[in-house]
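Analysis of the macromolecular model
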Amino acid sequence: MEEGYQNRTAFIKGAKDIAKEVKRQASKKVGRSVDRVTDEYSKRSYNRFEEDGDDNDYPTQGSQDGGYYRGDSQAANEDEGGHSDSTEGHDEDDEIYEGEYQGIPRAESGKGSLAGGPGSVRAGAQQFTDVGVSEAERRKDQEELAQQYETILQECGHGRFQWTLYFVLGLALMADGVEIFVVGFVLPSAEKDMCLSEPNKSMLGLIVYFGMMVGAFLWGALADRIGRRQSLLISLSINSIFSFFSSFVQGYGTFLFCRLLSGVGIGGSIPIVFSYYSEFLSQEKRGEHLSWLCMFWMIGGMYASAMAWAIIPHYGWSFQMGSAYQFHSWRVFVLVCAFPSVAAIAALSAMPESPRFYLENGKHDEGWMILKQVHDTNMRAKGHPEKVFSVTTIKTVKQMDELVDIGTDTPVWQRYRMKIMSLSQQIRNNILACFSPEYKRTTFMLMAVWFSMSFSYYGLTVWFPDMIKYIQKQEYDSRTKTFTKERVEHVTFNFTLENQVHLQGHYFNDKFLNLKMKSMVFEDSVFEECYFEDITSIHTIFRNCTFVASLFYNTDLFKYRFVNCKLVNSTFLHNKEGCMLDFSDDFNNAYMIYFVNFLGTLAVLPGNIVSALLMDKIGRLRMLAGSSVISCISCFFLMFGNSESGMIALLCLFGGISIASWNALDVITVELYPSDKRTTAFGFLNALCKVAAVLGISIFQSFVGITKAVPIIFAAGALAAGSFLATKLPETRGQVLQ
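Bear in mind the structure is a predicted one, so any value in this text is a computation, not a measurement. (Residues numbered from 1 in each chain as written. Predicted model: local features only at pLDDT ≥ 70, side-chain atom pairs only at ≥ 80, totals over all residues. Heavy atoms only, no water.)

1. Quick word on the overall build of the protein
Within the protein, the secondary structure is distributed over 26 helices and 16 strands. With 738 residues in all, the protein has 52% of them scored as buried. Put simply, of all contacts in the protein between residues at least 6 apart along the chain, 67% involve residues at least 24 apart. Carbon together with sulfur atoms contributes 60% to the accessible area of the protein, which is approximately 32,700 Å² in total. (Helix = DSSP H or I, 4+ residues; strand = E, 2+ residues; numbered from the N terminus. Buried < 20%, exposed > 50% of the residue type's maximum accessible area, 1.4 Å probe, protein only. Contact = heavy atoms within 4.5 Å. Areas by Shrake-Rupley, 256 points an atom, 1.4 Å probe, with all protein chains shown as cover.)

2. Digging into the pairing of strand β6 (residues 497-503)
Within a regular beta strand, the side chains point alternately toward one face of the sheet and then the other, so they alternate between its two faces. Among the seven residues of β6, five are classified as buried, and the element is accordingly described as predominantly covered. By the bridge criterion, four bridges tie strand β3 (residues 481-484) to β6 in an arrangement that is parallel. By the bridge assignment, K481 is partnered in β6 with Q500. For β6 and strand β8 (residues 511-523), the ladder comprises six bridges, and the chain directions are parallel. Opposite L503, over in β8, you have E523 as the bridge partner. (Pairing = 2+ DSSP bridges.)

3. Here's the deal with unusual backbone geometry
One non-glycine residue with positive phi stands out, namely H539, at about 55°. When you line up the elements, H539 lands in the loop between β10 (531-538) and β11 (541-543). Accessibility expressed as a relative area gives 57% for H539, which makes it exposed. One non-glycine residue, N554, adopts positive backbone phi at about 55°. Tracing the backbone shows N554 in strand β13 (residues 551-555).

4. Quick notes on the packing of aromatic side chains
Inspection of every chain in the model, using the stated rule, returns 54 aromatic pairs. Seen in terms of ring centroids, F181 and F185 are 5.8 Å apart; in terms of plane orientation they differ by 25°. Their pairing is stacked. Placement of the pair is F181 and F185 together in helix α8 (residues 160-193), with a separation of four residues, close to one helical turn. For F181, a relative accessible area of 15% gives the class buried. (Phe/Tyr/Trp six-rings, centres within 6.5 Å; stacked < 30°, edge-to-face > 60°.)

5. A word on the sheet that holds strand β15 (residues 566-568)
Spatial strand order, β4-β7-β9-β12-β15: five strands in an open sheet with parallel pairing. Sheet topology places β4 (487-489) and β15 at the edges, where each strand pairs with a single neighbour. Going from strand to strand, the sheet's axes swing by 5° on average, the running direction of each strand aside. Note that strand β12 (residues 546-548) and β15 share three bridges and pair parallel. In the strand pairing of β15, T546 is matched with K566. (Axes fitted to C-alpha atoms, helices over the stretch in contact; angles between N-to-C directions.)

6. A few points about a nonpolar patch on the surface
Together, V629, I633, F637, M639 and F640 make up a nonpolar patch on the protein surface, roughly 520 Å² of accessible area in all. As for its placement among the helices and strands, F637 is situated in the loop between α23 (620-635) and α24 (644-672). (Patch = residues over 30% accessible without salt bridge, like charges linked within 9 Å, V, L, I, M, F, W, Y side chains within 5 Å. Salt bridge = Lys/Arg side-chain N within 4 Å of Asp/Glu carboxyl O.)

7. Side note on the packing of helix α10 (residues 228-246) against helix α12 (residues 269-278)
Interaxial distance between α10 and α12 falls to 10 Å at its minimum, and their mutual angle equals 150°. Viewed along their axes, α10 and α12 adopt a mutual orientation that is roughly antiparallel. Note that α10 runs across α12; the crossing there is left-handed. When α10 is examined against α12, the residues R228, R229, S231 and L232 are found in contact with a partner set consisting of S269, I272, V273 and Y276. Here the residues of the contact of α10 with α12 are counted per class, giving four nonpolar, two polar and two charged. (Parallel < 35°, antiparallel > 145°, perpendicular 65-115°, else oblique. Left-handed = near helix turned anticlockwise from the far one by under 90°. Nonpolar A, V, L, I, M, F, W, Y, C, P; charged D, E, K, R; others polar.)

8. Focus: the pattern of salt bridges
For the structure on display, the rule yields 16 salt bridges. The partner of R678 in a salt bridge is E279, with the nearest N and O atoms 2.7 Å apart. Taken together, the residues R678 in helix α25 (residues 678-701) and E279 in the loop between α12 and α13 (283-293) connect sequence positions 399 residues apart. We note that R678, like E279, is buried. The residue E523 makes a salt bridge to R543 at a minimum N-O spacing of 3.5 Å. Of this pair, E523 sits in strand β8 while R543 sits in strand β11, placing them 20 residues apart in sequence. On the accessibility criterion, E523 (22% relative accessible area) is partly exposed. In this structure R543 comes out as partly exposed when scored by relative accessible area, which is 29%. One connected set of salt bridges, linked through shared partners, spans E150, R286, D616, R620 and E671.

9. Details of the confidence of the model for the protein
Detailed reading of the predicted model is not advised wherever pLDDT is low. Scored by pLDDT, the protein comes out at a mean of 77, with 76% of its residues at no less than 70. Mean pLDDT values over the elements of the protein span from 37, in helix α4 (residues 85-88), up to 94, in helix α16 (residues 339-348). With pLDDT under 50 throughout, residues 26-121 is counted as low confidence; its partners more than four residues away or in other chains account for 153 contacts. (pLDDT = per-residue confidence, 0-100.)

10. Considering the side chain of S519
With respect to the helices and strands, S519 occurs in strand β8. Not counting residues within four places of it along the chain, the set of residues in contact with S519 comprises Y476, E498, N499, Q500, I538, H539 and T540.

11. Describing the environment of K511
Secondary-structure assignment places K511 in strand β8. The partly exposed category is assigned to K511, whose relative accessible area is 42%.

12. Description of the pairing of β10
Examined bridge by bridge, β8 and β10 share seven bridges and lie parallel to one another. Counterpart to L513 in the pairing with β10 is E533. Sheet topology places β10 next to β13; four bridges connect them, and they run parallel. Residue pairing for β13: I535 is matched across the bridge by T555.

Written out as structure tokens, the structure is:
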């Protein structure tokens, strides 16, 4: 009797394992139909056991058939209509696959539903309404996973793996820092190369922010659905491709389009990088090391400034094919700025997906293998290769996604269309979940803090260079020489004419040969029988002048440089086509622009170090609110910035103080949302940040040269409001990652 029971028990377990394994493997390929087949297989095994067993459901000696063992008839009925073990994971021998595949919940498989009666209608309705398990169970799973995941990270330790990932993701963050500066550095040269008007220059400056806004929203949402690593690889690839193309295209429209798509690509780096890295950090390391990661944004700005300094002023680094294709030094700079993104792609290809993402999506084995890799890498680096990863089973979250049953005869385009529609619906639901009652207050508070900080920070960081340029222009204009009612005859000018105003002059039989005119104004003057050859000009204009029997050969003196002028028997031959680069521009001015940006970026280093060391000691909220208050106070010192050196010092002061609040805001945003909504929320807030940046830049620039009071009041008010609202957010220091 005892031997028969053991044989029968072994057969029962074997049949159940076979049914479970068949379902787990096949369901990934054909979806819901396999679910029904394997359920039928399990049910038949159970029925055979019922036919062979006695009245007490006790196995008879020598039995060859088996099924799910139950001690009473009620348990048997429950098993008949319940989920398979591969779905629910109740079998203690199969805990490693718990939650790996959830499938679509099925109604009780009673005789009515099998017969196609009213029960089948009710079962079909429930199949569409009862998707997965209840939200309460899912939330409970998430809480249990969060606690267990933190314990596992403690066992894995912090070592070589995290530092390797730190440098890999740092390259992606560095690429974002570079992207912010590229257009600003190339604009002075590009406007001459592509004949840009003032509206076109403004659009080129803002298009990057618009692209980054779209990219942050798009890639942040996708990263919660298809994975952090995959989304980051796609976004960086788009950035690299269109950055490369933008260095070669000639027209303004195509260049604008390439920079737009380049911005869309890099827009996903910030929300994904911080979320990705945080899921490999334990709670006592998270704040500090996320702050250290922020240093790569600073390094990106320094890289862009250094490369601009080294490349753009060297106009000899160029070539051209006729007048149709020109490749000047600023295009070399654009090409070099794509290197961090390309390096990040190459390095990221060797890194794994976030294990937290896998576990949140029911992929136990994949998540377990990556955590084991983290553990083994760190233990080997610490000299303890003998330490074994002790975790055998990790809690996974029950899935609520309904599988789409796509038949094999469905056209390919329709399959992709259905997948895209399903993915879009999932993203929409994720975004709406950020405004659910549970997260609505947190989301609106963070929106206000992100907006206020972005408005003031980006507005001031652009206002500072514009104010420095304005001060330089005032100083330049103060050195302008004015000549009135001069008469010049039979003179040859073959030297540079710069920063002069000539009023009511008369020039007879003069020659202007192979010279450069910079910031020259001729007003109410007469040019009689004059000859102009090989002239290159910038900021030069002729107003209310008269030209009699004069010849212009190979010059860039186009019609727009002649305002209300009279041309009598004058001829233009072989005019220079397009807009020429200003070769007469003082190299020192270009070097000064790049050096100022380099200093402003380097100035955030002390703030980065302080925030990294204190983030886990004083908390996120104190760091955020305190840094914002000090930044607000520093704004009032801007009233004393009346010189170029004074404005540079204030720029460095403001950047060094405000960076700590940015670091704290990045950390607290990561920690306030659960893993399945983290990058979606971060991407949405980062997109809002770009909107605020464009608004701040537009408003602050409009007051350059008019008044300092309005930008100072706007910036200080926004920072004060942000610091106050920051104190209303919950503190996340010492909490496990949701």
